[in-house]
Amino acid sequence: MNGYTKPQPITKKFFTPGVIIISTVALIGFAVLLARYIFGLGAITNLSNQYPWGIWIGLDVALGVALAAGGFTTAALGHIMHREKFHAIIRPALLTALLGYTFVALSVATDLGRWYYIWHPLIFWNGNSALFEVGMCVMIYLAVLYIEFLPIVCERFIGRINLPGILHLLNKPLDKLLRILDRALDKTMFIFIIAGVVLSCLHQSSLGTLMVIAGPKMHPLWQTPVLPLLFLLSAISVGFPMVIFESMISSKSFGLKPEMDILTDLARMVGPILFIYLAFKIGDMVIRRSFVYLYEINTASVMFTIELVVGVIVPLRMFLSPKVVKSPAGIFIASCLVIFGVFMNRLNNFIVAYNPPYSFHPYIPSLGEIAVTIGFIAMEVLLYRAAVMIFPVIELPNGAAPKTKYAIKGVK
Amino acid sequence: MSKQSRRDFLKTTAIATTAITGLASKKTKAEGRGVYLPDKAMGVLVDTTVCIGCRRCEWACKTAHDMPTPPLENYDDRTVYENMRRPDYTSYTVVNEYENDDTGKFPIDVKVQCMHCNQPACVSACIVGAFSKLENGAVVWDESKCIGCRYCMVACPFQIPAFEYQKAIQPRITKCDFCSARQAEGKLPACVEICPVEALTFGKREDLIQVAKEKMRLYPGRYVDHIYGEFEVGGTSWMYLASQDFSKLAFPKLQRDPAPGVSESIQHGLFAYFVPPIALYALLGGVMWLNKNKKSESEEEQL
């Protein structure tokens, strides 16, 4: 369809000057990470008894989960709404979500004081805790993402397993295993796809519930009982912009033409979703009369205004313009703004809005915290690049389109 | 995950949830704003107009919890009052000093420790249920469960739980445990026992409220008309009397609603018997099925 073939591994050189720079950033992050595990949180972070959560939770976890929303939004569009046209973007979005959630889990472990007990929520349950809900959902969803990715692994390796040396004895059994797995998954994949969407809706919203219990410690511009709904809506609204952003970056990086016919249609859907989010955000502000806090100029009011104007209203206007959605630069900038808006929102909710009653000096992330955060992003980029070179993820334009057997995966 | 095990998971969570909160929340509703507490719920009434700031409670607390402490004489040094201190892993309780509005009178000393809320935010928030509210009113932390996520610190309205950031292995959440071990042996909390001026009164929470009201009646003008902790965040085990407004003594201004109230209502609303998630699952499944059928029908027409 549309002249795209079935997805296939990209054949390019892995290392380019850009990749070497990113690798350096990743290595620095890894070194700091090592230091954190050896010397403890206090040695690396600026966290304190006043500010127990910093950017590792606010950005690495909360923003990371939001930006991985492309996975479940495209799954809903492609598989549940069954819009065949968008199948080309499902695999890249799935891979992004998979890597994103893997790094969310790593970030959580990094922030936990007793990281080796990360499995405790599996056996010690507290149904009252929003964090318990988030933890369980993220764990299960991560597993679902890996299951959703398995058919891609099967596609890549069935009939092509060729282990070196003595291991070649395993070639046949492994091939058989993959074939069984492939057949079983083909029939049951819909269970996991729907589960993935439900789990995403649940924990995307519960991430918003997290800060509700902080009560008056959180600035009234953000503290509201509808936080879960706002978090869910903002996650859904950043899903497609994130897909557009990544698709254009990877097209550029691999020297392909951007898939504008798909991306334009995707961009047309962002406007209405953003509008609903904006309506709830403003409606909440009006009902709670929290706009009175915007009359004075301080960090909170400035940050809130930037979040709303630059991150929601401007991209909303852009996505509603027929001219912008047809221009590659237009949708790229608009998508960047939506991502920036959600970045600001999570930063504001978890860090800027958090005002503990006894704070001696404000929390500013340490260089070590920033190095780890950026390092994680760099590692994710490298793994994405490696994965699309190993697995059939990205569809290349123009060529014969052989039929594939994944009806429910819908890869044409 | 198979359907069956998923359902089991749902059921267990629902039961666990009901078991943990069910009783407390139902009673709360029945009694309106009030709080359900067992008869054994103990508390401490702190009379800040009596406290002389000798900090013997700090010493007794550390001694009772086997924490390193300087000798008792060192606690006479009043220069520590120059900066506000907060409880942390080195001390579960600290005394701070504030200027008296009534010039010429002695400054006001305020002992700070865990308030042992009737409906504690930390108990509700903790991802693994490492915090629990005991029958005697104490809120205690279970080292064997804690994963060190510090959500309790985000949740606590009094900013009490502290964390051992300097430790790479087995960092603890530290806070006053209301001397649970001593109480179990029939002893008073260490701070109450040592207080030389009886600024701290230990007793049943309900009785303490009566004591506080009686004090206010007997000494008109000595106290502001406010027992801090009687109603704040649904009531606390530790309560305070003072001669001036509590906001001037660095007490947070809090509403009467229990701290976990809104969060728990949202949580239980979203997961009421797991109906919403299952309904969403069914809805999405239906939509998927319809769309797929529509698709294959139109394909057949084309053929």
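Residues numbered from 1 in each chain as written. Chains lettered and ligands numbered in written order. Predicted model: local features only at pLDDT ≥ 70, side-chain atom pairs only at ≥ 80, totals over all residues. Heavy atoms only, no water.

K.L.:
Even after reading the chapter, I still don't get the overall build of chain B, so can you show me in this structure?
P.N.:
Along its length, chain B carries nine helices and nine strands. Buried positions account for 48% of the 303 residues belonging to chain B. Element-wise, carbon and sulfur atoms account for 57% of the exposed surface of chain B, whose accessible area totals about 15,000 Å². (Helix = DSSP H or I, 4+ residues; strand = E, 2+ residues; numbered from the N terminus. Buried < 20%, exposed > 50% of the residue type's maximum accessible area, 1.4 Å probe, protein only. Areas by Shrake-Rupley, 256 points an atom, 1.4 Å probe, with all protein chains shown as cover.)

K.L.:
Could you clarify how one ought to interpret the overall build of chain A in this entry?
P.N.:
Assigned secondary structure in chain A consists of 14 helices and zero strands. For chain A, the sequential pattern of α-helices and β-strands runs α-α-α-α-α-α-α-α-α-α-α-α-α-α. In terms of overall dimensions, chain A is globule-like: its C-alpha atoms have a radius of gyration of 22 Å, near the 22 Å expected for 412 residues. Within the span of chain A, comprising 412 residues, buried residues form 60% of the whole. A sequence separation of at least 24 residues applies to 82% of the contacts in chain A between residues at least 6 apart. Of the roughly 16,500 Å² that chain A leaves accessible, carbon and sulfur atoms contribute 74%. (Rg over C-alpha atoms; globule rule 2.2 N^0.38 Å. Contact = heavy atoms within 4.5 Å.)

K.L.:
Mind showing me how you'd approach the packing of aromatic side chains here?
P.N.:
The geometry of two aromatic rings is summed up by the distance between their centres and the angle between their planes. A complete count under the given rule lists 27 aromatic pairs over all chains for this structure. Seen in terms of ring centroids, Phe163 of chain B and Tyr165 of chain B are 4.8 Å apart; in terms of plane orientation they differ by 75°. Their pairing is edge-to-face. The exposure classification of Phe163 of chain B matches that of Tyr165 of chain B, with both residues buried. Ring pairs connect the aromatic residues Tyr37, Trp115, Tyr116, Tyr117 and Trp119 of chain A, which therefore count as one cluster. Sitting above the plane of the Phe157 of chain A ring, Arg156 of chain A keeps its charged end 4.8 Å from the centroid. (Phe/Tyr/Trp six-rings, centres within 6.5 Å; stacked < 30°, edge-to-face > 60°. Lys NZ or Arg CZ within 6 Å of the ring centre and 35° of its normal.)

K.L.:
Looking at this structure, how should I read the side chain of Arg205 of chain B?
P.N.:
All names here are of chain B. Within the secondary structure layout, Arg205 lies in helix H7 (residues 205–218). Within the structure, the side chain of Arg205 is placed 3.0 Å from the backbone oxygen of Glu230, a separation counted as a polar contact. Separated by 2.7 Å, the side chain of Arg205 and the backbone oxygen of Thr236 make a polar contact. (Polar contact = N/O pair within 3.5 Å; in protein donor to acceptor, adjacent residues only side chain to side chain.)

K.L.:
Help me understand the side chain of Ser290 of chain A in this model?
P.N.:
Looking at the secondary structure, you find Ser290 of chain A in the loop between helix H10 (260–287) and helix H11 (299–320). Once residues lying within four places of it in the same chain are set aside, the contact partners of Ser290 of chain A are Pro220, Leu221 and Met285 of chain A.

K.L.:
Hey, could you run me through the nonpolar core in this one?
P.N.:
Soluble globular proteins tend to bury their nonpolar side chains together. Counting 202 residues, the largest nonpolar core has Phe319 of chain A together with Tyr151 of chain B as its most contacted members. The biggest single contributor to this core is helix H7 (residues 130–157) of chain A, with 15 residues. Apart from residues lying up to four places away in sequence, Tyr151 of chain B is in contact with Trp53, Ser129, Ala130, Leu131, Thr209, Leu210 and Ile213 of chain A together with Ala125 of chain B. Counting residues in hydrophobic clusters, the runner-up holds nine residues, among them Leu208, Ala212, Met239 and Leu241 of chain B. (Core = buried A, V, L, I, M, F, W, Y, C linked by side-chain atoms within 4.5 Å.)

K.L.:
Explain a nonpolar patch on the surface here, please?
P.N.:
Residue and element names in this part refer to chain A. On the surface, a cluster of nonpolar side chains totalling about 580 Å² of accessible area is made up of Ile166, Leu167, Leu169, Leu170, Leu174 and Leu177. Positionally, Leu170 belongs in the loop between H7 and helix H8 (171–209). Residue class for Leu170 comes out partly exposed when judged on its relative accessible area of 42%. (Patch = residues over 30% accessible without salt bridge, like charges linked within 9 Å, V, L, I, M, F, W, Y side chains within 5 Å. Salt bridge = Lys/Arg side-chain N within 4 Å of Asp/Glu carboxyl O.)

K.L.:
Help me understand the interface of chain A and chain B, please; the structure alone is not making it clear to me.
P.N.:
Interface size is commonly expressed as the accessible surface area that is lost when the partners come together. Each partner contributes residues to the interface: chain A has 66 residues there, and chain B has 70 residues. Between chain A and chain B, the buried area comes to about 6,000 Å², and carbon and sulfur atoms account for 64% of it. Summed over the three residues of chain A that lose the most area to chain B, namely Arg114, Ile213 and Tyr358 of chain A, the buried surface amounts to 15% of that side. Taken together, the links from chain A to chain B amount to two salt bridges. Among the salt bridges present, the one from Arg114 of chain A reaches Glu143 of chain B, with a minimum N-O distance of 2.8 Å. In this structure, the connection of chain A to chain B is made through 26 residue pairs in polar contact (both at pLDDT 80 or more). Among the elements of the structure, helix H1 (17–39), helix H2 (41–44), helix H4 (70–80), helix H6 (120–123), H7 and H8 of chain A are those that each provide at least two residues to the side of chain A that touches chain B. Across the side of chain A that touches chain B, the residue classes break down as 45 nonpolar, 16 polar and five charged. (Buried area = accessible area lost by both parts, 1.4 Å probe. Nonpolar A, V, L, I, M, F, W, Y, C, P; charged D, E, K, R; others polar.)

K.L.:
Looking at this structure, how should I read the environment of Gly40 of chain A?
P.N.:
Tracing the chain through its elements places Gly40 of chain A in the loop between H1 and H2. Using a relative accessible area of 0% as the deciding quantity, one classes Gly40 of chain A as buried. Distance in space between the C-alpha atoms of Gly40 of chain A and Val25 of chain A is 22 Å, their sequence separation being 15 residues. Beyond its immediate chain neighbours, meaning those up to four positions away, Gly40 of chain A contacts Ala35 of chain A together with Tyr165, Lys167 and Ala168 of chain B.

K.L.:
Can you walk me through the environment of Gly203 of chain B in this structure?
P.N.:
Residue and element names in this part refer to chain B. Following the sequence through the fold, Gly203 ends up in strand E8 (residues 200–204). C-alpha of Gly203 to C-alpha of Val44: the two residues are 159 residues apart in sequence and 6.3 Å apart in space. Contacts of Gly203, omitting those with residues within four sequence positions, involve Met42, Gly43 and Leu208.

K.L.:
What is the right way to look at the environment of Gln119 of chain B in this model?
P.N.:
Inspection of the secondary structure puts Gln119 of chain B in the loop between strand E3 (108–112) and helix H3 (121–125). The spacing of Gln119 of chain B and Ala259 of chain B is 140 residues in sequence and 7.3 Å in space, taken between C-alpha atoms.

K.L.:
Explain the pairing of strand E1 (residues 42–47) of chain B here, please?
P.N.:
Across a regular strand the side chains alternate sides, sitting on one face of the sheet and then on the other. Residue and element names in this part refer to chain B. Extensive coverage of E1 is indicated by the burial of six of its six residues. On E1, burial covers both faces: Met42, Val44 and Val46 on one face and Gly43, Leu45 and Asp47 on the other are all buried. Bridging between E1 and E8 involves five bridges; their strand directions are antiparallel. Within E8, the residue paired with Val46 across the bridge is Leu200. Note: E1 against strand E9 (residues 238–241), four bridges, orientation parallel. Bridge pairing in E9 links Val44 to Trp238. (Pairing = 2+ DSSP bridges.)

K.L.:
When you look at the confidence of the model for chain A in this model, what are you seeing that I'm missing?
P.N.:
Atom-level detail of predicted coordinates should not be read off regions where pLDDT is low. Of the residues in chain A, 95% have a pLDDT of 70 or more, and the chain-wide mean is 91. In this model residues 399–412 of chain A is a low-confidence stretch, pLDDT under 50, and it forms 42 contacts with partners more than four residues away in sequence or in other chains. (pLDDT = per-residue confidence, 0-100.)

K.L.:
Hey, could you run me through the sheet that holds E9 of chain B in this one?
P.N.:
Picture the strands of a sheet paired through backbone hydrogen bonds; they go either parallel or antiparallel. Residue and element names in this part refer to chain B. The strand order across the open sheet formed by three strands is E8-E1-E9, and the pairing between neighbours is mixed. Two strands lie at the open edges of the sheet, namely E8 and E9, each paired on one side alone. Strand after strand, the sheet turns through a mean of 25° between neighbouring axes, direction not considered. (Axes fitted to C-alpha atoms, helices over the stretch in contact; angles between N-to-C directions.)

K.L.:
It is not clear to me how the pattern of salt bridges should be interpreted in this structure. Could you clarify?
P.N.:
Summed over all chains, the structure comprises 23 salt bridges over all chains. A salt bridge links Asp101 of chain B to Lys248 of chain B, with the shortest nitrogen-to-oxygen separation between them at 2.6 Å. Here the residue Asp101 of chain B occupies a position in the loop between strand E2 (94–98) and E3, and Lys248 of chain B occupies one in the loop between E9 and helix H8 (261–270), the gap between them amounting to 147 residues. Overlapping salt bridges bring together Lys85, Asp265 and Arg268 of chain A as one network.

K.L.:
I'm lost on the packing of helix H3 (residues 55–67) of chain A against helix H5 (residues 87–111) of chain A in this one. Help?
P.N.:
Think of two packed helices as two axes; the pair is described by the angle between the axes and how far apart they sit. Residue and element names in this part refer to chain A. One can describe the packing of H3 onto H5 by two numbers: an axis separation of 9 Å at closest approach and a directional angle of 160°. On the basis of the axis angle, H3 is roughly antiparallel to H5. At the point where H3 passes H5, the crossing takes the left-handed sense. Here Trp56, Ile57, Asp60, Val61, Gly64 and Val65 of H3 lie close against H5, whose contacting residues are Tyr101, Val104, Ser107, Val108, Thr110 and Asp111. A breakdown of the residues in the contact of H3 with H5 according to their chemical character gives seven nonpolar, three polar and two charged. (Parallel < 35°, antiparallel > 145°, perpendicular 65-115°, else oblique. Left-handed = near helix turned anticlockwise from the far one by under 90°.)

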